[in-house]
Amino acid sequence: MANEARNAPGGDSQSDRFEGSSAAPLPLTPSEDRQWAMIAHFGAILGCVPALVIYAVFRARGPFTAQESKEALNFTFPLTVLAIVLHLFSLIPAIGWFFAILVVAIWLFLTISGVRAGINANKSRPYRYGLNLRLFK
């Protein structure tokens, strides 16, 4: 009987959910909101991927997380793309060492900046990077 309701044309999509569950995700508590914002900034050590995932998953659940993960994403995305391009250039014989040094410098800059921003986010203080392109609005 339950399978017939699901397979029936025009069937209720609510029958696919568990009884008592909600379609909308629960909002983050203030502590969780601060925690995910901090993780978005600390994730700069891995490039733009952590900030992108956190922004995509949690932006509707916590205002501080949405704001800070977008800030981290806007900061890390261009530098991650630049690091990938420079890493490819580092494969060039004879001059590749120069590009490899630049990749390491970018990674160190991302890491140090992300740690500074994450510490501020953990204190519930919004952080603004000095040089940020604001690609994602």
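Since this is a predicted model, take the numbers as computed values, not measurements.

Draft legend 1. Fine view of the overall build of the chain. Check the secondary structure of the chain and you find 5 helices and 0 strands. Across the chain, contacts joining residues at least 24 apart in sequence account for 68% of those joining residues at least 6 apart. With the model as given, the accessible surface of the chain reaches about 8,900 Å², and the carbon-plus-sulfur share is 68%.

Draft legend 2. Inspection of the packing of aromatic side chains at higher detail. All chains considered together, the criterion is met by 7 aromatic pairs. Note on Phe 98 and Phe 99: the rings are 5.7 Å apart at their centroids and 70° apart in plane angle, and the pair reads as edge-to-face. Judged by its relative accessible area of 17%, Phe 99 is buried. A ring pair is formed by Tyr 127 and Tyr 129, whose centres lie 5.1 Å apart and whose planes are at 80°; its orientation type is edge-to-face. With respect to burial, Tyr 127 and Tyr 129 carry one shared label: buried. Here a set of aromatic residues connected by ring pairs shows up, and it is made of Phe 75, Phe 109, Tyr 127 and Tyr 129. Lying over the aromatic face of Tyr 55, Arg 59 brings its terminal NZ or CZ to 5.0 Å of the ring centre.

Draft legend 3. A look at helix H2 (residues 30–42). With 13 residues, H2 extends 18 Å from end C-alpha to end C-alpha; this agrees with the ideal 18 Å at 1.5 Å per step. Buried within H2 are the following residues: Asp 33, Ala 37, Met 38, Ala 40 and His 41. Seen from one end, H2 has its buried residues packed into an arc of 155°, which puts them on one side. Close packing links the buried residues of H2 with helix H3 (49–58), helix H4 (63–89) and helix H5 (96–122).

Draft legend 4. Just a nonpolar patch on the surface, in detail. A surface patch of nonpolar side chains, amounting to about 670 Å² of accessible area, comprises Phe 77, Val 81, Val 85, Phe 89, Ile 92, Ile 95, Leu 133 and Leu 135. Tracing the backbone through its elements, the reader meets Ile 95 in the loop between H4 and H5.

Draft legend 5. Local environment of the side chain of Asn 74. Checked against the element boundaries, Asn 74 lands in helix H4. Under the relative-accessibility criterion, Asn 74 is labelled buried at 3%. Not counting the four nearest positions on each side in its chain, Asn 74 is found in contact with Asn 132, Leu 133, Arg 134, Leu 135 and Phe 136.

Draft legend 6. Molecular detail of the nonpolar core. By size, the foremost hydrophobic cluster in this structure holds 20 residues, and its most contacted members are Ile 106 and Tyr 129. Counting residues per element, the ones that place at least two in this core are H3, H4 and H5. Of the residues forming this core, the biggest block, 6 residues, is contributed by H4. Ile 106 has contacts with Leu 79, Leu 82, Ala 83 and Leu 86, leaving out every residue within four places of it along the chain.

Draft legend 7. How the structure looks around the environment of Ala 117. Within the secondary structure layout, Ala 117 lies in helix H5. Judged by relative accessible area, Ala 117 falls into the buried class, the value being 0%. Here Ala 117 is in contact with His 41, Tyr 127 and Tyr 129, once residues within four sequence places are set aside.

Draft legend 8. Seen up close, H4. Taking 1.5 Å per residue as the helical rise, H4 with its 27 residues ought to reach 39 Å, and the 39 Å between its terminal C-alpha atoms agrees with that figure. Its maximal kink placed at Thr 76, H4 deviates by approximately 30°, while the proline Pro 78 follows within four residues.

Analysis parameters
- Residues numbered from 1 in each chain as written.
- Predicted model: local features only at pLDDT ≥ 70, side-chain atom pairs only at ≥ 80, totals over all residues.
- Heavy atoms only, no water.
- Helix = DSSP H or I, 4+ residues; strand = E, 2+ residues; numbered from the N terminus.
- Contact = heavy atoms within 4.5 Å.
- Areas by Shrake-Rupley, 256 points an atom, 1.4 Å probe, with all protein chains shown as cover.
- Phe/Tyr/Trp six-rings, centres within 6.5 Å; stacked < 30°, edge-to-face > 60°.
- Buried < 20%, exposed > 50% of the residue type's maximum accessible area, 1.4 Å probe, protein only.
- Lys NZ or Arg CZ within 6 Å of the ring centre and 35° of its normal.
- Expected span 1.5 Å × (residues − 1).
- Arc of directions from axis to C-beta.
- Patch = residues over 30% accessible without salt bridge, like charges linked within 9 Å, V, L, I, M, F, W, Y side chains within 5 Å.
- Salt bridge = Lys/Arg side-chain N within 4 Å of Asp/Glu carboxyl O.
- Core = buried A, V, L, I, M, F, W, Y, C linked by side-chain atoms within 4.5 Å.
- Bend = angle between axes of the 7 residues up to and from the residue.

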